[in-house]
Amino acid sequence: FNGNNITGSDAGELRVYFDGNSGSFLPAFCVDLTDPLNHGINNDVKNILTPENYNPDNGIYAEWLMDSFSVQLGYKNTSIGTVASYQGAGLQLAIWETFYDLYAPSSTAPYNLDYDTPAGAPDTYAGTDMFFYDRSSVNTNVNEWYDFFVKELVDEIDNGFNYTSSGKYVVAELVYNNEEVQDLMTVNPVPEPSTILLFGIGLLGIGAIGRKKATIK
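First things first, this report covers the structure right here in the doc. Only a predicted model underlies this, so the values are computations on that prediction, with no experimental measurement involved.

With that settled, the discussion passes to the overall build of the protein chain. Helix and strand content of the protein chain: four helices and nine strands. Tracing the protein chain from N to C terminus, the helices and strands come up as β-β-β-β-α-α-α-α-β-β-β-β-β. Relative to its 217 residues, the protein chain shows a buried fraction of 50%. Counting contacts in the protein chain only where the partners sit at least 6 residues apart, residues at least 24 apart contribute 78% of the total. When the accessible surface of the protein chain is summed, it comes to about 9800 Å², and 47% of that surface belongs to carbon and sulfur atoms.

Structure below.
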């Protein structure tokens, strides 16, 4: 992180195991832009929050995206593609965009969300505000998935956004060797865990993401 961009970052849907329980796993997505993501090692769980407590303005919208479109929770759309890593990367990028840049419902569509208009229309992705990513660094299907997820959220907000949190999802704040690492939005583990082990499902390298460090907690 150089004050403006984070380079060489990964995006994708994660698979996490709590307290060494490798017999079952839960899906997860990153919600930080700057803290490192530790693969294949146990991280300590510092705190468990609801997405709405973690980010009072936009947590509920990010939760809706995960609940509606997670690969591991069963969402498929073969008109865009069947490669899970592309879908997961697109959803991760849309979740970051929602956490950091969404202004809703006080503003008008697209609520400060940055995405390309449908195929055939001019390219409208500007990559401004708190979050952006280098669209040229990823497969076209990742961009298509990202645009689809953000457009679906815009449509949902336009239609009144009737989603109510079920309490199924949480944000786990993590530390490793007493240093903060990536916080994860995941399915609520019961009982509350003390450690988390995470693996990426075909994580894809993204050329550059982020614009400046935000304090959302």
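Picking up after the structure, the text goes on.
Glancing now at the side chain of Glu63. Its location among the elements puts Glu63 in helix 2 (residues 59–69). Lys168 provides the closest opposite charge to the buried, unpaired Glu63, separated from it by 9.2 Å. Ignoring anything within four residues of it in the chain, the contact list for Glu63 reads Pro51, Glu52, Tyr163, Ser165, Ser166, Tyr169 and Met185.

Where charged atoms of side chains with opposite charge meet at close range, the side chains can pair. This model, assessed by the stated rule, comprises four salt bridges. The shortest N-O distance in the salt bridge between Arg135 and Asp147 comes to 2.8 Å. Here Arg135 is found in the loop between helix 3 (84–101) and helix 4 (140–158), whereas its partner Asp147 is found in helix 4, with 12 residues between them in sequence. Like Asp147, Arg135 is buried.

Residues Leu65, Ile95 and Leu184 are the most contacted members of the largest nonpolar core, which totals 61 residues. For this core, the leading source of residues is helix 4, giving nine residues.

Turning our attention to the packing of aromatic side chains. As enumerated under the stated definition, the model contains 18 aromatic pairs in all. Seen from their ring centres, Tyr54 and Phe99 are 6.0 Å apart, and the 90° between their planes marks the pair as edge-to-face. Placement of the pair is Tyr54 in helix 1 (residues 51–54) and Phe99 in helix 3, with a sequence separation of 45 residues. Under the relative-accessibility criterion, Tyr54 is labelled buried at 0%.

All right, on to unusual backbone geometry then. The omega torsion of the bond from Ala104 to Pro105 falls at -5°, within 30 degrees of zero and hence cis. Its place among the elements puts Pro105 in the loop between helix 3 and helix 4. In this structure, Pro110 follows Ala109 across a cis peptide bond, with omega equal to 10°. Following the sequence through the fold, Pro110 ends up in the loop between helix 3 and helix 4. In this model, Tyr111 sits at a positive phi of 60°, which is unusual for a non-glycine residue. Turning to its location among the elements, Tyr111 is positioned in the loop between helix 3 and helix 4. Of note, Asn112 is a non-glycine position whose phi angle comes to about 70°, a positive value.

Reading the values: rules and limits
Residues numbered from 1 in each chain as written. Predicted model: local features only at pLDDT ≥ 70, side-chain atom pairs only at ≥ 80, totals over all residues. Heavy atoms only, no water. Helix = DSSP H or I, 4+ residues; strand = E, 2+ residues; numbered from the N terminus. Buried < 20%, exposed > 50% of the residue type's maximum accessible area, 1.4 Å probe, protein only. Contact = heavy atoms within 4.5 Å. Areas by Shrake-Rupley, 256 points an atom, 1.4 Å probe, with all protein chains shown as cover. Lys, Arg positive; Asp, Glu negative; His and termini not counted. Salt bridge = Lys/Arg side-chain N within 4 Å of Asp/Glu carboxyl O. Core = buried A, V, L, I, M, F, W, Y, C linked by side-chain atoms within 4.5 Å. Phe/Tyr/Trp six-rings, centres within 6.5 Å; stacked < 30°, edge-to-face > 60°.

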